[in-house]
Amino acid sequence: MTKPLPTSDGDPEKFERAGNPPPAVATDLYELLMAQGYWLLGWSERRAVFNLSFRKNPFRGGFVLACGQESVKDLLESFRFSQEDLSYLASLKAGDGRTLFRQDFLRYLAGVRFRCHVRAVREGTVVFANEPILQVEGPLLQAQLVETALLNLIGFPSLVATKAARICQAAGTQPVVEFGLRRAQGWHAGLTASRAAYIAGCAGTSNVAAGKAFGIPVRGTMAHSWVMTFADERDAFTTYGRAVPANCIFVVDTYDTEQGLAHALAAAEELRRLGIAVQGVRLDSGDLARWSREARRRLDEAGLNHAAVLVSGDLDEYRIRNLKERGACADAWGVGTRLATAFEEPALSVVYKLSAIAGEDGGWQDRAKISNDRAKHSLPGFPGVYRFYVQDRAVCDVIYDRRDGLPEAKEAAKLFRARPELQRLLRGGDCRGEDLLVPLMDEGVAAEPSRPVEAIRAYARTQLASLPEAVARLDRPERYAIVESESLRRRRRAFAAMVRRKIP
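The text that follows walks through the structure, step by step, so that each part is easy to find. (Residues numbered from 1 in each chain as written. Predicted model: local features only at pLDDT ≥ 70, side-chain atom pairs only at ≥ 80, totals over all residues. Heavy atoms only, no water.)

Topic: the overall build of the chain
Piece 1. When you go through the chain residue by residue, the secondary structure sums to 19 helices and 19 strands.
Piece 2. For the chain, the spread of C-alpha atoms along the three principal axes comes to 85 × 65 × 40 Å.
Piece 3. With 504 residues in all, the chain has 53% of them scored as buried.
Piece 4. Of all intrachain contacts in the chain linking residues separated by at least 6 positions in sequence, the fraction that spans at least 24 positions is 75%.
Piece 5. Looking at charge distribution, the chain has the averaged site of its 70 positive side-chain charges lying 5 Å from that of its 62 negative ones. (Helix = DSSP H or I, 4+ residues; strand = E, 2+ residues; numbered from the N terminus. Buried < 20%, exposed > 50% of the residue type's maximum accessible area, 1.4 Å probe, protein only. Contact = heavy atoms within 4.5 Å. Lys, Arg positive; Asp, Glu negative; His and termini not counted. Charge placed at Lys NZ, Arg CZ, Asp CG, Glu CD.)

Next comes the structure, spelled out in structure tokens:
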């Protein structure tokens, strides 16, 4: 039976913004250099469309859990260059000593505010490689300037959320607590990781700043240093219980795990006589499967059936699965480094590509990246993603051009000629569809109020539950069914042919 781990009094419903959004100069230099070029050409207000996507699913997995959209709204609503920003830009010089930026361009930047339309998948949506997950439509200069920040604000939290979802999947019904702040790449990254991990299913965090900022339940035990401070391990446990009676969890592997368990049980009996209930023990090293079973047996024999066994120590989804297969008796898992840093794959392959631009006549002209590396090809036009469900189970996505209208199930079935079982589902009467890209910003103003983290977490849970089991599995997942509409294929072929005609 899984024992609940004690929580703090933090209220998960209390949502509060954490820190300030990145400044406008949180960008790569070439964004500003191109912006000056657009301005000199008179193209600042030329309409354009950019799409944010990623090139491959991380962790050899089958999906990504999109995260970071609320931070994107914060950035775009407050986007502006301060006088200090502009003074710094004015000081930048090229290799030959000339200033990089013209004073009249910097005066123009002083008045720039973000006025684009933004569509995006909802935070907590399951997405797949090469699908647009955010789309910016508006003045070319503005859409270009925010590229770096958007990639940063979506890429890292989506990566951590995906890792957390996989770890929680391996843990099953046993809660996972995120312990990663101390190993994160900076405390702001730790804050982002804690929020993303909670959205993806973690039960809480050790990160007090994240608890304060987002209302995430804060949880913790004791460090080995507490035990090492005392000459006697049993005395360390007893004293801690008296000092922190509401969160009395002992780490028992500082010296010798067997002796540590014995000392913990002796301290628990002494504290019981004082009216203090020990709430659990933590194992952080050694044979965690063996010692978790032994800890469970000894706690139960001592009448401490309520006490939890928390297991930590360089865990990830694979080690948790292995420990469970070996019969580990953990009631909860503490996961730090390999979660908060996305240890094995520290970056999501996010890209931001131009897909359409207004011509001199005001009509839209398709654009796409075409190179010798097919993995780096991008989509033209106004791509959207339409997902089909059968009984709340996602069955396929159709990438289409929004100018062509929404795909219909029967038409989509024709695109999957090699998948008769999928055609049968799409032609059935209980198939429903959902357009994934929804308004996020309307001319620089949020399209809807910010969503509390608990609402995003609940939505992410339904999204993860909608995945086919073969796609969600940790090892060798099946590829989720994605197809481009026939019209989008024609647009892609037409643009490629036009580019080839222009090559001498």
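There is more to say after this.
Brief notes about the sheet that holds strand E16 (residues 431-435)
Piece 1. The 4 strands lie next to each other as E16-E14-E15-E19, forming an open sheet whose pairing is mixed. Both outer strands of the open sheet, E16 and strand E19 (482-484), are each paired with one neighbouring strand and no more. In this sheet, adjacent strand axes meet at a mean angle of 25 degrees when their direction is disregarded.
Piece 2. Pairing between strand E14 (residues 383-390) and strand E15 (residues 393-401): 8 bridges, direction antiparallel. Bridge pairing links Tyr389 to Ala394 in E15.
Piece 3. Lying over the sheet, helix H16 (residues 420-427) contacts E14, E15 and E16, oriented at roughly 85 degrees with respect to E15. (Pairing = 2+ DSSP bridges. Axes fitted to C-alpha atoms, helices over the stretch in contact; angles between N-to-C directions.)

Structural notes on the side chain of Thr238
Piece 1. Tracing the backbone through its elements, the reader meets Thr238 in helix H10 (residues 233-243).
Piece 2. Setting aside anything within four residues of it in sequence, one finds Thr238 in contact with Ala267, Glu270 and Leu271.

Some thoughts on the sheet that holds strand E1 (residues 47-54)
Piece 1. Read from one edge of the open sheet, 7 strands run E13-E12-E1-E5-E3-E17-E18, paired in antiparallel fashion. The open sheet terminates on both sides in strands that have one partner only, identified here as strand E13 (364-366) and strand E18 (445-446).
Piece 2. Bridge count for E1 against strand E12 (residues 350-358) is 7 bridges, and the pairing is antiparallel. Within E12, the position partnered with Ser53 by the bridge is Val351.
Piece 3. Helix H2 (residues 69-77) rests against strand E3 (117-120), strand E5 (134-139), strand E17 (438-442) and E18 of the sheet, and its axis sits at about 25 degrees to E17.
Piece 4. Where helix H6 (residues 147-171) meets the sheet, it contacts E1, E5 and E12, and its direction lies at approximately 135 degrees from that of E12.

Concerning a nonpolar patch on the surface
Piece 1. A surface patch of nonpolar side chains, amounting to about 340 Å² of accessible area, comprises Leu29, Tyr30, Leu33 and Met34.
Piece 2. Structurally, Met34 is set in helix H1 (residues 29-41).
Piece 3. We classify Met34 as partly exposed; its relative accessible area is 31%. (Patch = residues over 30% accessible without salt bridge, like charges linked within 9 Å, V, L, I, M, F, W, Y side chains within 5 Å. Areas by Shrake-Rupley, 256 points an atom, 1.4 Å probe, with all protein chains shown as cover. Salt bridge = Lys/Arg side-chain N within 4 Å of Asp/Glu carboxyl O.)

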